[in-house]
Amino acid sequence: MTEKIDVHKIFAEYFKGCETLAYALSSKLSEGNICIDIKEYAGKLPGILEEQRSAEFWDDGDLKFWDFAGFTDSCCEGKFVSTSPGGFRPFIIYDGRAYLHRYFRYENSIIKNIERLGGRFHIITGGPGTGKTFSIANRLKEMFHENPDLKAALAAPTGKAAARMTESIRDYISKNHLEGESRERLESLKASTLHRLLGWISGSVFFRHNEANLLPFDVIIIDECSMIDGAMMAKLLEAVGNETELFLLGDKDQLASIEAGSVFGDLCRSNDSRLLKGKVELKTHNWRFSENEGIGRLSRLILNGSINAINEFGKDKQVIIDTEFRSDYFREYAMSYLEYICEPDISEALRKLNIVRFLCVTREDDNSVAATNNKICRLLKTEIDRRKKEGTISPGVVFSPKNGFYHNQPVIITKNDYTLGIFNGDTGIIRYEENVPYAWFVTPDAGIRKIQAGFLNDYETVFAMTIHKSQGSEFDNVMIIMPEKKAEKLLTRELLYTAVTRAKKQVIIQATGDVIRKCAENSVTRASGINQVLTAAE
C-alpha cells in the first residue's frame, strides 16, 4: 500500500519555520473553514499529533506539521505572518484567529460592504415553501409601480437554481392573476447564474464587474445564498453600488457552500448585531407543508436534533423511514423514470425527469451515487425489455445504457462551461437524432437548449446525485440513501435536512437508526470571524 499524497504538507513546505500554521490553515480551509481559532486548535494539537504518530506512514520529519511549540511560535509576527490587519503577508493573525491573507481580506470586505450599503442591504431567509420568492416578487411589483424604468437583476449560484427562480416569478404572476404593465415587467425578468451576472472572465478568478465597474442595476436579488462561498460573496458585494438595493434569499439551515465559508448562515445568526439589526427577515410560516405532519414535521425534528421522535416517526403520506432498505421501495421509485423515458416530447420529458430523484451522501463507496446509478440502469433496462416482449410498451422506446452517451441518458453538468452556456448543476437528457447524440437542457429563462453532446466535457449520469449537488433543486419525490458504514464525518443534520427538503410530495429515507442518530446529533460548524466581528461591534 502506497502513501497518499498530502497536498497540505506540500503547501506547508513552502513556509520554512511556519509549517505547522501553514498546514493547519490549508487543511482547515479544505474542510470549509475560513480561519482557525488559535487557542482551540492548539488545544487539539497533542491529540492530532498522537493520531498521526500511529499512522502507517509516520515519519519523524513530519513532526513540524503538528508540533505544538512550532504552532504557537508561528502565530507571532514573522517572515510569513502579520499580526496587523493591514499587513501584507501570507498569514494574518487577528483577534485570536489565524487566516490565509486572501480569506482575511474576503471576510473584511464582506463586512465593510454590508456597512457601506446600509439600509439597502436585505436578507430574507426561510425553508422551502415559506414564500421567500413570492415575497420578493411582491416587492418587485411595487417597485415597478413606483418606477417603471427600474433596472432589476435576478441571479442564483447555479443554472438549475436560476431556472427555479424564474419559474417562481412566473408562478407568482399566474396565482395573482396579474395583467397589464405589472405582468409585463415581471415576465421580462429572467434569472441568470451569479457568474454570468458578475461577468465571468475566461481563465481568471476575477469578474468584469467589481468595485471599479459596478453592476448597472437599481435592485439585485440573489437566491439560494447558502450555496455562495466566502470568496464569491465578497466579489458580489464589491460589485454592488451605493444606490442599489440588494436582497439575499436563502435557507440558513441548509448545507453551506462546497467551498470555504458559511457566509449566509453567519450573517443570519448575527441578525441582532448593530450592523444587521432590522435587515434580516425570517420567514417561518410554511405554505407548502404542515408543521405537524409529513415533510414539514420531519424537517423541524431534524433541525431540533430530536433523535427519538425521528426514529419513531413511522410512516405517513409524505414520509417513509425505511431502516430495512426495502428493495420494493427502491424499485418503485426507479420505475418512475419510465415516465420521461417514454415521453416523446422533450420539453415534457425534462419536466418528468424531476418526478423523482435519488440522493446519496457520497459519489463512491457503499450506497453511493455510482452504485445507485448502476442499479437503476439495470432495473430500467430489464423492465423495458420485459414490457417490449409483452407488447405493453412502444417498441420505439430506446434505453440501452453503455459507456459514453446513450439515448434517454439523464445527465448533470459538473463544471461551468460559458462557451456552451451550461452551468454546474444543470440537468438534461441525451437523445439521438439521425445517429447523433444531443443534450437537451432547460435554460434559466425556462426555455429549452439543444447542444450536440460531443461538446460536453464535464458531466455525469444523474438518476442519482449527491445531496450537495441537489441544492437549488426540487423534485416531486425523493429517495435518500444513506451510507451504512463509511462517511461518518459527513453525517450532519444540515445534510439530512437539505435532502429531505428537496422533496415536494414524498420522501423515503433508507438509513439505519444509528446513521439517523448521527445526523441528528452532529451539526456543521465552520470557523469564520463574521459573527464574532459583528457581535463585538455592539
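Cut-offs and rules
- Residues numbered from 1 in each chain as written.
- Predicted model: local features only at pLDDT ≥ 70, side-chain atom pairs only at ≥ 80, totals over all residues.
- Heavy atoms only, no water.
- Core = buried A, V, L, I, M, F, W, Y, C linked by side-chain atoms within 4.5 Å.
- Buried < 20%, exposed > 50% of the residue type's maximum accessible area, 1.4 Å probe, protein only.
- Helix = DSSP H or I, 4+ residues; strand = E, 2+ residues; numbered from the N terminus.
- Contact = heavy atoms within 4.5 Å.
- Polar contact = N/O pair within 3.5 Å; in protein donor to acceptor, adjacent residues only side chain to side chain.
- Axes fitted to C-alpha atoms, helices over the stretch in contact; angles between N-to-C directions.
- Left-handed = near helix turned anticlockwise from the far one by under 90°.
- Patch = residues over 30% accessible without salt bridge, like charges linked within 9 Å, V, L, I, M, F, W, Y side chains within 5 Å.
- Areas by Shrake-Rupley, 256 points an atom, 1.4 Å probe, with all protein chains shown as cover.
- Salt bridge = Lys/Arg side-chain N within 4 Å of Asp/Glu carboxyl O.

K.L.:
Any chance you could explain the nonpolar core here in plain terms?
P.N.:
One broad trend across soluble globular proteins is that nonpolar side chains are buried collectively. Residues Leu 21, Phe 71, Phe 91, Phe 121, Ile 222 and Leu 248 are the most contacted members of the largest nonpolar core, which totals 68 residues. Counting residues per element, this core draws most heavily on helix α5 (residues 101–117), which supplies seven residues. Other than its neighbours up to four places away in sequence, Leu 21 contacts Ile 36, Phe 71, Ser 74, Cys 75, Val 81, Phe 91, Ile 93 and Ala 98.

K.L.:
Just to check I follow, could you spell out the environment of Gly 86 for this structure?
P.N.:
Turning to its location among the elements, Gly 86 is positioned in the loop between β2 (81–82) and β3 (91–94). Put simply, Gly 86 and Arg 105 are 19 residues apart on the chain and 9.3 Å apart in space, counted from C-alpha to C-alpha.

K.L.:
What should I look at first to understand helix α19 (residues 493–500) in this one?
P.N.:
Two residues of an α-helix separated by three or four positions point the same way, owing to the 3.6 residues in each turn. For α19, the tally of buried residues reaches eight of eight residues, placing the bulk of the element in the interior. Turning to α19, its buried residues number three or more, namely Arg 493, Glu 494, Leu 495, Leu 496, Tyr 497, Thr 498, Ala 499 and Val 500.

K.L.:
Quick question: what am I supposed to make of the side chain of Thr 20 here?
P.N.:
Within the element layout of this structure, Thr 20 appears in helix α2 (residues 19–30). For Thr 20, a relative accessible area of 2% corresponds to the buried category. For Thr 20, the side chain forms a polar contact with the main-chain oxygen of Lys 64, separated by 2.5 Å. Discounting residues that sit within four places of it in the chain, Thr 20 has contacts with Leu 45, Lys 64, Phe 65, Trp 66, Asp 67, Gly 70 and Phe 71.

K.L.:
Would you explain the environment of Ser 368 in this entry?
P.N.:
Structurally, Ser 368 can be placed in the loop between β12 (356–360) and α17 (369–390). The sequence separation of Ser 368 and Met 465 amounts to 97 residues, and the corresponding C-alpha distance is 8.7 Å. There is a polar contact of 3.5 Å between the side chain of Ser 368 and the backbone oxygen of Arg 363. Looking at Ser 368, its side chain comes within polar contact range of the main-chain nitrogen of Ala 371, at 3.2 Å.

K.L.:
Can you help me understand the packing of α5 against helix α10 (residues 230–238) in this one?
P.N.:
Packed helices, taken two at a time, are described by their axes: the angle between them and the distance between them. Where α5 meets α10, the axes come as close as 9 Å, and the angle between the chain directions of the two elements is 35 degrees. Both α5 and α10 take part in a crossing whose hand is left-handed. Touching Arg 105, Tyr 106, Ser 109, Ile 110, Asn 113, Ile 114, Arg 116 and Leu 117 of α5 are Gly 230, Ala 231, Met 233, Ala 234, Lys 235, Leu 237 and Glu 238, all from α10.

K.L.:
Explain a nonpolar patch on the surface to me, please; I cannot follow it from the model alone.
P.N.:
Together, Ile 5, Val 7, Ile 10 and Tyr 14 give the surface a local cluster of nonpolar side chains, amounting to about 490 Å² of exposed area. Within the fold, Ile 5 resides in the segment before α1 (7–12).

K.L.:
Would you take a moment to explain unusual backbone geometry for this structure?
P.N.:
With a phi close to 70 degrees, Asn 408 is a non-glycine residue in the positive phi region. Relative to the helices and strands, Asn 408 is located in the loop between α17 and β13 (409–413). Positive phi values are uncommon outside glycine, yet Glu 434 reaches one of about 55 degrees. For Glu 434, the position within the fold is in the loop between β14 (427–433) and β15 (436–442). Under the relative-accessibility criterion, Glu 434 is labelled exposed at 78%.

None of this, on its own, says anything about what the molecule does.
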